[in-house]
Structures are given as C-alpha cells and as structure tokens.
Amino acid sequence: MSIATSEPSTAPTQAAAPPRLSALVVVRNEEAQLAECLSRLAFADELVIVLDRCEDRSRDIAREFTERIVEGAWEREGGRRNAGIAACCGVWILEIDADERVGPDLAREIAAIATGSSADWHLIPVDNYVGDRLVRWGWGASFGRSAHAGLFRRGAKRWGDQRVHPAVALSGVQGPTLNARLVHHVDRNISDMLRRLDRYTSLRAQDLRDSGEIGSFARNLRRIASRFWKCYVGRRGYREGPWGFLIALCAALYPILSYLKARLESE
C-alpha cells in the first residue's frame with residue numbers, strides 16, 4: 001500500500017487543526033463515473049481516494065481532484081475500506097462509492113452535521129436507480145440498501161473481513177438519520193443486476209467455505225420465502241410493481257445460490 005500526499009511545508013508553524021470533514025471514495029476501475037462523483041465533493045475539507053488494483057484511467061482522474069491517494073491491492077472489501085478510513089485526517093468522515101452522488105441539499109446537511117452534531121455516526125438514506133428508474137422501495141436482505149452509516153466520526157466505524165457485504169462495527173451514539181438522500185446508480189439494467197447477483201453469490205460462497213459451515217439445503221430453501229416476503233411486503237417492494245418483485249426475487253435467491261455454489265463448485 002502506498003499513500004501519495006503533497007510535500008509538507010518547511011516553515012516552522014504551529015500544528016494545524018485537523019480538517020473538519022474528510023470525503024473518502026474507494027475505487028476499482030471506475031473511470032466512467034469517477035469524475036462526476038468527485039466533482040460533487042468539493043464541500044469537504046479533505047478528499048481521500050483509495051485505488052485498488054486500477055487498470056484504467058481512475059488514477060489520472062483522481063489526481064485531478066486530490067493528492068491524498070492510497071494505492072494498493074486488497075482481496076477483500078473491508079481491508080481496502082479500513083485502509084481508506086485510516087488515511088483520513090478529518091474529525092468526520094463521509095464514505096461513499098464512485099457510483100454514488102452527493103447533491104447540494106445533502107452536501108449542506110452533511111457540512112452542518114460535521115460542524116454541530118454531538119453524535120458519533122449518522123445514517124444517510126439512499127435513492128437507488130436502475131438505469132434512469134428510481135426504485136426506492138424493497139431494497140435490503142444483502143442485495144441493496146435503503147440507508148447506510150456513511151457519515152461518522154473518525155474511530156467510530158470499522159469494516160469486517162468478509163469478501164462481500166462485510167460486517168460493519170459502529171461505536172458511540174447514533175445521531176438522527178439525514179433528510180436529504182444520496183443518489184446511487186446501483187445497476188445499469190436488469191442484466192447488470194443479474195450479473196451482480198452472480199458476482200455476489202460467488203464471493204459469498206467463498207466466505208461460506210472459509211467459515212467451514214455452509215449451512216443446510218433445507219434452511220436456505222426456506223429462506224427463499226422469508227427473504228422474498230421481507231423485501232416485497234415488509235420493505236414494501238410491492239409499491240414498485242414489477243421492479244419490486246425483481247429485487248425481492250434476487251434477494252430471495254441470494255442465500256440458496258451462495259449455498260449451492262459453496263457446496264457444488266470448487267474454489
């Protein structure tokens with residue numbers, strides 16, 4: 001892992017106060033949308049970008065926005081995210097991905113929290129788009145998120161070691177959920193959504209094999225119904241019509257496909 005920063009000043013000065021707000025973006029080959037993401041983060045006092053095995057123009061694009069760049073190779077998502085958090089100097093950290101966009105209202109709300117909140121972390125609500133279609137209801141159960149702890153004090157958040165959907169450990173006091181929403185371009189189309197399901201279940205299968213306990217066929221079969229109900233009814237995916245049905249179906253298939261891959265396929 002390497003960290004690129006600007007040269008420090010040689011003039012004798014008092015130690016500068018840490019930046020109030022750091023924006024952190026973790027990247028792997030995101031040249032198509034990285035610039036648009038980073039252009040929305042100018043309100044932050046510091047911008048830190050993690051480049052994980054990038055083979056496209058992501059590095060060149062990142063350098064147009066900041067000199068705080070962390071480069072390395074991480075097999076697991078949690079490791080690279082923790083490396084980025086460790087590189088941030090801000091009292092508060094805003095953690096987003098390259099396919100997410102911070103609008104003006106959300107930027108103002110985040111800046112206000114970083115200035116005046118007494119809590120340790122806050123949930124940011126998410127608007128998920130499939131292509132140009134806003135799909136707000138039904139996300140969850142390891143296949144999407146309607147909110148996430150993306151704004152937190154330094155030291156209040158740490159990611160786990162799983163390959164996919166790593167667990168998040170949060171400490172301290174939870175503050176109010178923000179009002180403005182983060183825009184997330186989660187999938188380009190249905191084919192992209194199905195490819196994501198295939199990718200996620202392959203990674204989950206590796207985690208299951210590593211754990212030594214992949215579960216049972218019967219239990220994962222039962223979870224098809226329970227997870228579909230949770231997304232389609234409990235999280236009101238029915239309000240999205242066929243889109244909500246599709247999201248609930250993918251969420252329902254996630255455990256059984258992960259189990260079958262872990263049981264039937266070699267690594």
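Details of the structure are given in the entry above.
If you're wondering where the values come from, they're calculated on a predicted model, not measured in any experiment.

Colleague: When you look at the pairing of strand S5 (residues 92–97) in this model, what are you seeing that I'm missing?
Modeller: Along any regular strand, the residues point their side chains to alternate faces of the sheet. When you tally the buried positions in S5, you get six out of six residues, the bulk of the element. Side chains Trp92, Leu94 and Ile96 project from S5 onto one buried face, and the interleaved Ile93, Glu95 and Asp97 project onto a second face that is buried too. The sheet contact formed by strand S2 (residues 21–27) and S5 spans six bridges and is parallel. By the bridge assignment for S5, Leu24 is matched with Glu95. Here S5 pairs with strand S9 (residues 147–153) via three bridges, running antiparallel. Of the residues in S9, the one forming a bridge with Trp92 is Arg153.

Colleague: Honestly, the layout of surface pockets in this entry has me stumped. Any pointers?
Modeller: Leftover empty space is mapped by rolling, across the atoms, a probe with the size of a water molecule. Within this model, the largest pocket holds a volume of roughly 1600 Å³. In terms of lining, the largest pocket is formed by 47 residues, of which the most central are Glu77, Asp97, Asp99, Arg199 and Tyr200. At the level of secondary structure, the elements contributing two or more residues to the lining of the largest pocket comprise S2, helix H3 (77–87), S5, strand S7 (121–130), S9, strand S10 (157–159), strand S12 (182–187) and helix H5 (190–211). In this structure, the second largest pocket occupies an estimated 240 Å³ of space. As for the second largest pocket, its lining consists of 16 residues, of which Arg204, Leu208, Arg223, Tyr254 and Pro255 are closest to the centre. Per-element accounting of the lining of the second largest pocket gives the leading share, four residues, to helix H6 (residues 217–234). The class makeup of the residues in the lining of the second largest pocket is five nonpolar, six polar and five charged.

Colleague: Help me understand the nonpolar core in this model?
Modeller: In terms of nonpolar packing, the biggest core is built from 31 residues, with Val25, Leu41, Leu94, Val102 and Leu151 touching the most fellow members. For this core, the elements supplying multiple residues, two or more each, are S2, helix H1 (34–39), strand S3 (46–52), helix H2 (58–63), S5 and helix H4 (104–116). For this core, the element with the most residues is H4, which contributes five residues. Non-local contacts of Val102, meaning those with residues more than four positions away in its chain, are made with Arg40, Leu41, Phe43, Leu94, Ile96, Ala107, Ile110 and Leu182.

Colleague: Is there a simple way to think about the packing of aromatic side chains in this case?
Modeller: Any aromatic ring pair is given by two values, namely how distant the centres are and how the planes are angled relative to each other. Across all of its chains, the model carries six aromatic pairs by this definition. Measuring from ring centre to ring centre gives 6.5 Å for Phe143 and Tyr200, while their planes differ by 75 degrees; the resulting arrangement is edge-to-face. Taken as a pair, Phe143 in the loop between strand S8 (133–135) and S9 and Tyr200 in helix H5 lie far apart in primary sequence, 57 residues in all. Tyr200 carries the same exposure label as Phe143, and that label is buried. Between Tyr232 and Phe245, the ring centres sit 6.2 Å apart and the planes meet at 85 degrees, which makes this aromatic pair edge-to-face. One end of the pair, Tyr232, is in helix H6; the other, Phe245, is in helix H7 (residues 242–264), with 13 residues separating them in the sequence. Among the aromatic residues, ring-to-ring pairing joins Phe228, Tyr232, Tyr238 and Phe245 into one connected group. For Arg81, the ring lying beneath its charged end belongs to Trp159, and the centroid distance is 5.1 Å. In this structure, Arg196 is placed above the aromatic ring of Phe143, and the distance from its NZ or CZ to the ring centre is 4.1 Å.

Colleague: Just checking my understanding: could you explain the side chain of Lys157 for this structure?
Modeller: With respect to the helices and strands, the residue Lys157 is situated in strand S10. Within the structure, the side chain of Lys157 is placed 2.8 Å from the side chain of Glu95, a separation counted as a polar contact. A polar side-chain atom of Lys157 sits 2.8 Å from the main-chain carbonyl oxygen of Ala149. Among residues more than four places away in sequence, those in contact with Lys157 are Ile85, Glu95, Ala149, Gly150, Phe152, Val168, Ala169 and Leu170.

Criteria and thresholds
Residues numbered from 1 in each chain as written. Predicted model: local features only at pLDDT ≥ 70, side-chain atom pairs only at ≥ 80, totals over all residues. Heavy atoms only, no water. Buried < 20%, exposed > 50% of the residue type's maximum accessible area, 1.4 Å probe, protein only. Helix = DSSP H or I, 4+ residues; strand = E, 2+ residues; numbered from the N terminus. Pairing = 2+ DSSP bridges. 1 Å grid on protein atoms, 1.4 Å probe; cavity = no way out; pocket = protein on both sides within 12 Å on 5 of 7 lines; lining within 4 Å. Points joined across faces, edges and corners; volume = space filled by probe spheres on them. Nonpolar A, V, L, I, M, F, W, Y, C, P; charged D, E, K, R; others polar. Core = buried A, V, L, I, M, F, W, Y, C linked by side-chain atoms within 4.5 Å. Contact = heavy atoms within 4.5 Å. Phe/Tyr/Trp six-rings, centres within 6.5 Å; stacked < 30°, edge-to-face > 60°. Lys NZ or Arg CZ within 6 Å of the ring centre and 35° of its normal. Polar contact = N/O pair within 3.5 Å; in protein donor to acceptor, adjacent residues only side chain to side chain.

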